[in-house]
Amino acid sequence: MRIMGLDYGSKTVGVAVSDLLGITAQGVETITREDENKLRKTCARIEELIREYEIETIVLGYPKNMNNSAGDRAEKTEQFKEMLMRRTGLTVILWDERLTTVASERILQESGVRREHRKAVIDQVAAGLILQGYLDSLRQETGNEQ
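Remember, it's a predicted structure, so these values are computed and weren't measured experimentally.

Trainee: Would you mind showing me how to read the packing of aromatic side chains here?
Mentor: Think of a pair of aromatic rings as described by two things: how far the centres are apart, and how the planes are tilted against each other in angle. For the structure shown, the criterion picks out two aromatic pairs. For the pair Tyr-8 and Phe-80, a centre-to-centre distance of 4.1 Å together with 5° between the ring planes defines the contact as stacked. Here Tyr-8, found in strand β1 (residues 2–8), pairs with Phe-80, found in helix α2 (residues 72–88); they are 72 residues apart in sequence, far enough to count as distant. For the residue pair Tyr-8 and Phe-80, the accessibility class agrees, reading buried in each case.

Trainee: I tried to follow the packing of helix α1 (residues 40–53) against α2 on my own but got confused; where do I start?
Mentor: Packed helices, taken two at a time, are described by the angle their axes make and the gap between the axes. Contact pair α1 / α2: the axes reach a minimum separation of 11 Å and the direction vectors enclose 55°. With respect to α2, the axis of α1 lies oblique. Like other packed secondary-structure pairs, α1 and α2 cross with a definite hand, here right-handed. For the pair formed by α1 and α2, the contact residues are Arg-40, Cys-43, Ala-44, Ile-46, Glu-47 and Ile-50 on the first element and Phe-80, Met-83, Leu-84, Arg-87 and Thr-88 on the second. Partitioning the contact of α1 with α2 into residue classes produces seven nonpolar, one polar and three charged.

Trainee: In this structure, what is going on with α2? I would like to understand it.
Mentor: Turn by turn, an α-helix covers 3.6 residues, leaving residues three or four places apart pointing in a common direction. In this model, α2 (17 residues) spans 24 Å end to end at C-alpha, consistent with the 24 Å of a helix rising 1.5 Å per residue. Within the sequence span of α2, burial applies to Ala-74, Thr-77, Phe-80, Lys-81 and Leu-84. Within α2, the buried residues cover an arc of 115° as seen down the axis, which keeps them to one side. Of the exposed residues in α2, the ones pointing more than 90 degrees away from its buried face are Asp-72, Gln-79 and Arg-86. Once α2 finishes, Gly-89 follows within two positions and takes phi at roughly 75°, a positive value.

Quick notes on the rules
Residues numbered from 1 in each chain as written. Predicted model: local features only at pLDDT ≥ 70, side-chain atom pairs only at ≥ 80, totals over all residues. Heavy atoms only, no water. Phe/Tyr/Trp six-rings, centres within 6.5 Å; stacked < 30°, edge-to-face > 60°. Helix = DSSP H or I, 4+ residues; strand = E, 2+ residues; numbered from the N terminus. Buried < 20%, exposed > 50% of the residue type's maximum accessible area, 1.4 Å probe, protein only. Axes fitted to C-alpha atoms, helices over the stretch in contact; angles between N-to-C directions. Parallel < 35°, antiparallel > 145°, perpendicular 65-115°, else oblique. Left-handed = near helix turned anticlockwise from the far one by under 90°. Contact = heavy atoms within 4.5 Å. Nonpolar A, V, L, I, M, F, W, Y, C, P; charged D, E, K, R; others polar. Expected span 1.5 Å × (residues − 1). Arc of directions from axis to C-beta.

Structure representation (C-alpha cells):
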C-alpha cells in the first residue's frame, strides 16, 4: 500500500505518491479547477488515484504562516481535510508545508525547467516534497534511516 501527498491550492492540487516501500515520493499530476469552491471533480479525481495506486493514507500540506499561526489558507485546508476523510474513509495527516513552493521553484530552476513550463509541475514537485518529508519522518521514528 502507498501513501499520497497533496499540495492543496486555490486553483490546483499537486499529487504525489510513495513507492511501495514508502521510501520515495514521485509527483503524479496536477489537478486544476476553474473555481476555488468547486471541488467535486477534484475529489473524484483524487478518489480515482487512490484506487489506482491503492493508497492507504493521505498527507496533506498544511500552509502555516512563518510565525506558526494558521491563516485563511490553513482553514480552507482543514475543511478540505475533513471532506477528504468523509469521502475516502482514509486517514488524512496535515503536514507543515512552509517553504515547499520556494524549494520546488528552486529545484525546477536548477533542473533547467523553463519558467513557462514550471507552473504546470510546481504543485506536483511541492506535493512530492511534502510527502518525502513525511516519509523521512516515519523512517526516523522507526529507526530505519538509510
